[in-house]
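# Understanding the architecture of this molecule
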Amino acid sequence: MNRRNFVTRGAAGMAGMLMSSPLAGKAVQEPQQATQTSSSGPQPYDLMKDVMKYRKIDVHAHIYWTDDSPETQLDYGRRLGIEKQVISRYLDVMPGTPEQFRKFNDLTIKAIKKYPDQLLGGFVLNPVYPKESLEEIKRCTDAGMIGPGELYYQVKINDPKYYPVIEKLIDLKMIIHSHAECQLGVGGYRMKYNGYKQPNTSIPEDFVDIARRYPEGIFQYAHIGMGGDWEYECKLFREYPNIYVDTSGSNNAENMIDFAVEHLGEDRLFFASDNSYYQGVGRILSANLTDRQKQKIFFDNYNNLLKKGGRGVH
């Protein structure tokens, strides 16, 4: 079989599975006669029962990439038992002018006003514009947002330009969430930061630097599941208790969650999808953890920090 046939047949098979699955919004047809199982033998595993037994806050999601957003995100949340999603419209690779970040924050405000029971708002800003950024924090907080969404490529998280913003967020007891990347190494060696990345991309060492400077800050390192060197990240952050990692990303590396818990502890992981919803839920569900540990990651760890700022989910 050539590659084209393999991909075509594989995609068709996966589409068929999804179209017949409850997760795709379609009811599975019941067989005409139920198959009897012996009570003494192994019982069928009810995946969705396991999925739905945990409360969940998705701490890293994005909106308005498609015309059917945020309804698409809400549908995923409903089918996977996600009570709340922390949403933002991040700035991507762009200058990040005040006009741009105000426009994107207006989109998020519109969404959380329309769906207050499902969505929590995260704002974006650019510390190159310190006055406008501090004004935007106040405007967005007054509108009901809970903290920054994914801060992006415009400025590294440990750049002095961020200091006034971070100090304000600390005063407000907000979780400081930033995009980050870490190139994958071989044999325990992490590749050096190079020109294939945006020059102001925050990397693990930048988080360590800012966590040292502001030990009272709460820093959320984005998406250890995005395909980077998650082993290096977790080992580097081990001695910095104010750095938390979110588990989002589209990559499902075996043992990632177990490794993160081993090195960071069960209290420093946040469940997140970054819009890869099945992967996000599945990697926590399949980890070799107790129900209590999974519940902490899915909901409690993040919510306990929200409560410190009076923004907890009841």
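Our subject is the structure listed above.
This is a predicted model, so every value here is computed, not measured. (Residues numbered from 1 in each chain as written. Predicted model: local features only at pLDDT ≥ 70, side-chain atom pairs only at ≥ 80, totals over all residues. Heavy atoms only, no water.)

Now for the overall build of the chain. Of regular secondary structure, the chain possesses 11 helices and eight strands. When each of the 314 residues of the chain is scored for burial, the buried share is 50%. Counting contacts in the chain only where the partners sit at least 6 residues apart, residues at least 24 apart contribute 77% of the total. (Helix = DSSP H or I, 4+ residues; strand = E, 2+ residues; numbered from the N terminus. Buried < 20%, exposed > 50% of the residue type's maximum accessible area, 1.4 Å probe, protein only. Contact = heavy atoms within 4.5 Å.)

Turning next to the state of the cysteines. In total, this model carries zero disulfides according to the counting rule given. Its sulfur unpaired, Cys234 is 10.0 Å from the next cysteine sulfur, which belongs to Cys182. With a relative accessible area of 0%, Cys234 lands in the buried category. (Disulfide = S-S within 2.5 Å.)

What follows concerns the side chain of Glu136. Along the chain, the position of Glu136 falls in helix 5 (residues 130–142). A polar contact of 2.8 Å, which involves the side chain of Glu136, links it to the side chain of Arg139. Discounting residues that sit within four places of it in the chain, Glu136 has contacts with Phe101, Arg102, Asn105 and Val124. (Polar contact = N/O pair within 3.5 Å; in protein donor to acceptor, adjacent residues only side chain to side chain.)

To continue, consider the nonpolar core. Most often, soluble globular proteins have nonpolar side chains that are buried together. Residues Ile166, Tyr221 and Ile257 are the most contacted members of the largest nonpolar core, which totals 62 residues. Tallying contributions element by element places helix 9 (residues 256–264) first for this core, with six residues. Dropping the residues within four chain positions of it, Ile257 is found in contact with Thr247, Leu269, Arg283, Ile284, Ala287, Leu289 and Ile297. Grouped together as the second largest cluster of nonpolar side chains are 15 residues, Ile57, Ile146, Phe270 and Tyr302 included. (Core = buried A, V, L, I, M, F, W, Y, C linked by side-chain atoms within 4.5 Å.)

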